[in-house]
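Reading the structure
Listed below, chain by chain, are the residues.
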Amino acid sequence: MIRPQGVIFDMDGTLLDSMFYWNQAPADCLREIYGKEPKADLMEQLKPLTIEEGGDWIRKTYGLDATGAQIAAQINALVARFYRERVCVKPGARQWLDSLQQAGIPMVIATSTDRPLVEAAMKHTGLAPYFSAVFTCTEVGAGKGRPDIYETALAYLATPKAETWVFEDSFFAIQTAKAAGFPVAGVYDASQDALQSQIRALADLYIPAFDALTPPL
């Protein structure tokens, strides 16, 4: 296995145990702000919708005295609170970062999450000092269905692509990074349970948990 010369880390679901809250926030909004008990199919209904469309669907379905935009903003505020106050680093991830840092390997973040939430999470968890830069899909102008964010991070790191590892939990993002020529570490996250066999098959390194393995140094 190739020793990394640079590392590009995804944040949510990879370093942070946070994906579950994106699914929980709409239910928290209904309970905490409107005193409504969410129906069992809430997330199934919201999955294909944007946050704005979802806010409008919640307004109509639950008969709320608010606009869809207001509900979407309230959900986003709850997510922001989660990042500021509650988000946790995955077990063993900090030790991996320590090992990579001590080995002098430069690391950056490449995430679909917008910068204010990333900064809140980095401040709360204390992870910011490990990374020399943060790249977001919004700022790069493309989601992880395209390799733009990884290529932008690579240009910043100035390390050989074949020795620049991408750490991801999402199958579709792993597909993108692999197709672009990066070695990829697939990190287990419960949000991707149904796709673990595909992730295992595609990733160059499979990490069932950070505290189950040591870094490839």
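Relevant structure appears above.
In this report, the structure presented in the accompanying data block is examined. (Residues numbered from 1 in each chain as written. Predicted model: local features only at pLDDT ≥ 70, side-chain atom pairs only at ≥ 80, totals over all residues. Heavy atoms only, no water.)

What to know about unusual backbone geometry
Of note in this structure, A158 is not a glycine but carries a positive phi near 60°. Looking at where A158 falls in the secondary structure, it is placed in the loop between helix 8 (148-157) and strand 6 (164-168). (Helix = DSSP H or I, 4+ residues; strand = E, 2+ residues; numbered from the N terminus.)

Side note on the environment of G143
Its place among the elements puts G143 in the loop between helix 7 (137-140) and helix 8. Here G143 falls in the partly exposed class, since its relative accessible area comes to 41%. Between the C-alpha atoms of G143 and M107, which are 36 residues apart in sequence, the distance is 20 Å. (Buried < 20%, exposed > 50% of the residue type's maximum accessible area, 1.4 Å probe, protein only.)

A short note on helix 4 (residues 68-85)
Every α-helix carries 3.6 residues per turn, so stepping three or four residues along brings you back to the same face. The terminal C-alpha atoms of helix 4 lie 26 Å apart, and with 18 residues this matches the ideal 26 Å at 1.5 Å per residue to within 8%. Against the buried residues of helix 4 lie strand 2 (16-17), helix 1 (19-34), helix 3 (51-62) and helix 6 (115-125). (Expected span 1.5 Å × (residues − 1). Contact = heavy atoms within 4.5 Å.)

Observations concerning the pairing of strand 1 (residues 6-9)
Because side chains alternate across strand 1, one face comprises the buried residues G6 and I8, and the other comprises V7 and F9, equally buried. In terms of strand pairing, strand 1 meets strand 4 (residues 107-111) through three bridges, oriented parallel. Residue pairing for strand 4: I8 is matched across the bridge by V108. (Pairing = 2+ DSSP bridges.)

A closer look at the packing of helix 1 against helix 4
For the pair helix 1 and helix 4, the least separation of the axes is 9 Å and the interaxial angle reads 115°. In this structure, the crossing between helix 1 and helix 4 has a hand that is right-handed. Across the interface between the two elements, F20, Y21, W22, A25, P26, D28, C29, E32, I33 and Y34 of helix 1 pack against I71, Q74, I75, L78, V79, R81, F82 and Y83 of helix 4. Considered class by class, the residues forming the contact of helix 1 with helix 4 number 14 nonpolar, one polar and three charged. (Axes fitted to C-alpha atoms, helices over the stretch in contact; angles between N-to-C directions. Left-handed = near helix turned anticlockwise from the far one by under 90°. Nonpolar A, V, L, I, M, F, W, Y, C, P; charged D, E, K, R; others polar.)

Here's the deal with the sheet that holds strand 8 (residues 205-207)
Strand order across the open sheet formed by six strands is 5-4-1-6-7-8, with parallel pairing between neighbours. Here the strands that pair on one side only, and so sit at the sheet edges, are strand 5 (134-136) and strand 8. Looking at each pair of strands side by side, their axes are set apart by 20° on average, direction ignored. Bridge count for strand 7 (residues 184-187) against strand 8 is three bridges, and the pairing is parallel. Paired with V187 across the bridge in strand 8 is I207. Strand contacts of helix 8: strand 1, strand 4, strand 5 and strand 6, with the helix running at about 160° to strand 4, the strand carrying the most contacts.

Focus: the pattern of salt bridges
Tallied over the entire structure, the rule returns eleven salt bridges. We note a salt bridge from E32 to R81, for which the minimum N-O separation is 3.1 Å. Note that E32 is positioned in helix 1 and R81 in helix 4, a separation of 49 residues in sequence. When its relative accessible area of 29% is taken as the criterion, R81 is described as partly exposed. Between D56 and R59 there is a salt bridge whose closest N-O contact spans 3.0 Å. A residue pair is termed a helical-turn pair when its members lie 3 or 4 positions apart in one helix, as D56 and R59 do in helix 3 at three residues. (Salt bridge = Lys/Arg side-chain N within 4 Å of Asp/Glu carboxyl O.)

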